[in-house]
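Per-entry structural report
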Amino acid sequence: MTHTIKLKANSRPEVMERILRVVRHRGFNLEEVLMKQCQTTNSTKITLKVSGDRPISNLETQLNKLYDVSQLELHQSTATADSAVAMNA
Amino acid sequence: MTGAELVLKVLQQHGIKHIFGYPGGAIMPIYDALYDSDVEHFLCRHEQGAAFSAIGYARSTGKVGVCMATSGPGATNLVTGLADAMMDSVPVVAITGQVFSSLIGTDAFQEMDVLGMSLSITKQSFLVQSLDELADILHQAFEVAQSGRPGPVLVDIPKDIQVGSVDFEPYPIAQKQVPDFDAQVLADAQALIKAANKPLFYIGGGVGMADAIDEMQDLLAKTKIPAISTLKALGTVPADYPYNLGLVGMHGNQAANHAVQDCDLLICTGARFDDRVTGKLDTFAPNAKVIHLDIDPAEISKLRQADISILADFKKLLPELAVTTEISPWQQQVAELKTQYAWRYDYPGDSIYAPKLLNLLSQKLPFDHAVSCDVGQHQMWVAQHMLFSSPRNHLSSGGAGTMGFGLPAAIGVQVARPDCMSVVVSGDGSFMMNVQELGTIRRFKLPVKIVLLDNQRLGMVKQWQELFFEERYSETNLSDNPDFVTLAKAFDIPALTISQDDQIEDGINQLINTDGPFLLHVQIDDKENVWPLVPPGKANHDMLEGEKV
């Protein structure tokens, strides 16, 4: 399964490492990533496309638990690898 | 004031009176500020010892434990301790010195990417980037360490920030946020409990961490539902509760493991379906529906799908959960299981049977005592054969299983609770892993009592080699151990060796009644194994039961 997750996180230099570490350690592969700093809100918006056989809810709760993550939405889960629409949204 | 002085001010604001640590170049400004501070510093002999002492302090009191180290190797030596705190959800704040900000990333002396290393072994970590954010980060560190599911937080402070000037502003301490639970879900859970014929509480460390032991005990008294405990929960259920089945899992009581396999409703209360508890996961509690109560959303349905889950602070939830039950056939069955599988200590023989010694020690210790243990066979014997009145009195490295935990943890207990008899039960393998902390006991004249069970082996590994590796004893023979009595005496710690059954009573009496620290060196048979045992990959009802040697 492939899943698209959108996150809003505190703008700390290590926040991307922190998130990607959880993705890897909890058994998911990173397929695509998009990250944008927002200077006015001091936050970072991140879109991840990940694939893996484990329940995506387990990854959602682990990412949501990170102190620096303030919002998380699961946008799309598909059995195929094509979720370009979600990435561009 | 300087950044270093600010660090100590904030610690004091959070009620920190004691810290454990080891100085070095990049944290010297904080140690300089400590020189004039009311905060009492306990110099350990290795940073890993400092981390475990902070854990012992936290686990035995429910307060935050604080440890400090310098940059580079000082910080890496904290890593195992922080990982241990992460696995067992212990509120610890670690403060590390870092090289000057301008030198970060230049491979300077004792410069390491401590923030990078911390990512997987802390609940949260910070590299302070400016003086302006120092106070705020320190306050956040204390808040994060204690809130929700507790855990370790690391704050890495570059030296230029320690020496810079800053104004101190008092900071309002945030109130703990308690999630609200849904009344309908609570009613559904109660209905499921009422409808069950064989309900069973599966109690984990979360109850003690939420300071909800009284609430749990009230709930048990009202519902009279049988209970099993994880390693970290031991002491939560009163020892005289008639339906207390004790430890569940790989080395759990037979009665607990048979009960969990037979129950029709498992009420998981602050536990996490660890593999050492469940055995083969898909055979665990095969007939049971599951109610999962926790404060951490990530634990719900992580390994076992919950039929009903409630996220809540147990102090608030548990009093609401009480229902009347009609389960007398089940209670009867549990009582019979307890009788059928009761421990026995009346084996004949002259050598020392460690479970018997530990059981007797448990009976003879004063009421206010805490036992810290290391990892291996002795750790399981402590869990099986000693009784505890609170999980704060049983400190065992559960999730991480870190050898070397016991001695420094007991030091932390003794500092936090000076009137408590702080006891270490260790094995000859584990003891040598942080043996340098005998120096800390000597320095601070701490009356820590040490029971060293010595089978001249890495006993648990040897047991597995015997059972599962065709008796090929690879690298588990420690018959060249040092003379432990002489070793203790080098640190001014009186010591005694016993090896015969008829010496047990006198040995324990000397341990308890000698003023100050004492080491009781107990020689035991290396062929004695821990029973019962659920072999790896098997279901909990497939326990092996061996013979006493």
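Residues numbered from 1 in each chain as written. Chains lettered and ligands numbered in written order. Predicted model: local features only at pLDDT ≥ 70, side-chain atom pairs only at ≥ 80, totals over all residues. Heavy atoms only, no water.

Regarding the overall build of chain B
The helix and strand inventory of chain B stands at 22 helices and 18 strands. The C-alpha radius of gyration computed for chain B amounts to 24 Å, which stays within 12% of the reference 24 Å derived for 549 residues, consistent with globular compactness. Across its three principal axes, chain B shows a C-alpha extent of roughly 70 × 60 × 40 Å. Here the contacts in chain B between residues at least 6 apart in sequence split such that 74% fall between residues at least 24 apart. If you sum the accessible surface of chain B, you get close to 21400 Å²; carbon and sulfur atoms cover 50% of it. Treating the 39 positive side-chain charges of chain B as one cloud and the 66 negative ones as another, the clouds have centres 4 Å apart. (Helix = DSSP H or I, 4+ residues; strand = E, 2+ residues; numbered from the N terminus. Rg over C-alpha atoms; globule rule 2.2 N^0.38 Å. Contact = heavy atoms within 4.5 Å. Areas by Shrake-Rupley, 256 points an atom, 1.4 Å probe, with all protein chains shown as cover. Lys, Arg positive; Asp, Glu negative; His and termini not counted. Charge placed at Lys NZ, Arg CZ, Asp CG, Glu CD.)

Concerning the pattern of salt bridges
Applying the stated criterion to the full structure yields 24 salt bridges over all chains. As a salt-bridge pair, Arg18 of chain A and Asp68 of chain A come within 3.5 Å of each other at their nearest N and O atoms. Here the residue Arg18 of chain A occupies a position in helix α1 (residues 15–25), and Asp68 of chain A occupies one in the loop between α2 (56–65) and β4 (69–78), the gap between them amounting to 50 residues. Judged by its relative accessible area of 2%, Arg18 of chain A falls in the buried class. Residue classification places Asp68 of chain A among the buried positions, given a relative accessible area of 2%. Note that Arg272 of chain B and Asp274 of chain B form a salt bridge whose closest N and O atoms lie 3.5 Å from each other. Ionic contacts of the salt-bridge type, sharing partners, join the residues Lys65 of chain A together with Arg149, Asp296, Glu299 and Lys302 of chain B into one network. (Salt bridge = Lys/Arg side-chain N within 4 Å of Asp/Glu carboxyl O. Buried < 20%, exposed > 50% of the residue type's maximum accessible area, 1.4 Å probe, protein only.)

Let's talk about the interface of chain B and chain A
Each side of the interface is counted separately: chain B has 19 residues, and chain A has twelve residues. Carbon and sulfur atoms make up 47% of the area that chain B and chain A hide from each other, which totals about 1300 Å². Ranking the residues of chain B by area buried against chain A places Leu119, Gln124 and Ala298 of chain B at the top, with a combined share of 38%. Here chain B is connected to chain A by two salt bridges. With its nearest N and O atoms 2.6 Å apart, the salt bridge here joins Lys65 of chain A to Asp296 of chain B. Taken together, chain B and chain A are joined by eight residue pairs in polar contact (both at pLDDT 80 or more). (Buried area = accessible area lost by both parts, 1.4 Å probe. Polar contact = N/O pair within 3.5 Å; in protein donor to acceptor, adjacent residues only side chain to side chain.)

Remarks on the sheet that holds β4 of chain A
Residues and elements named next belong to chain A. The four strands are arranged β2-β3-β1-β4 in an open sheet whose pairing can be described as antiparallel. Each of the sheet's edge strands pairs with one partner strand only, and the pair in question is β2 (29–38) and β4. Taken pair by pair, the neighbouring strands of this sheet meet at an average axis angle of 15°, ignoring direction. When β2 meets strand β3 (residues 43–51), the two strands line up antiparallel, connected through nine bridges. Its bridge partner being in β3, Cys38 is matched across the sheet by Ser43. Here α1 sits on the sheet and contacts β1 (2–10), β2, β3 and β4; the angle it forms with β3, its principal contact strand, is near 20°. The strands touched by α2 within the sheet are β1, β3 and β4, with β4 carrying the most contacts at an inclination of about 165°. (Pairing = 2+ DSSP bridges. Axes fitted to C-alpha atoms, helices over the stretch in contact; angles between N-to-C directions.)

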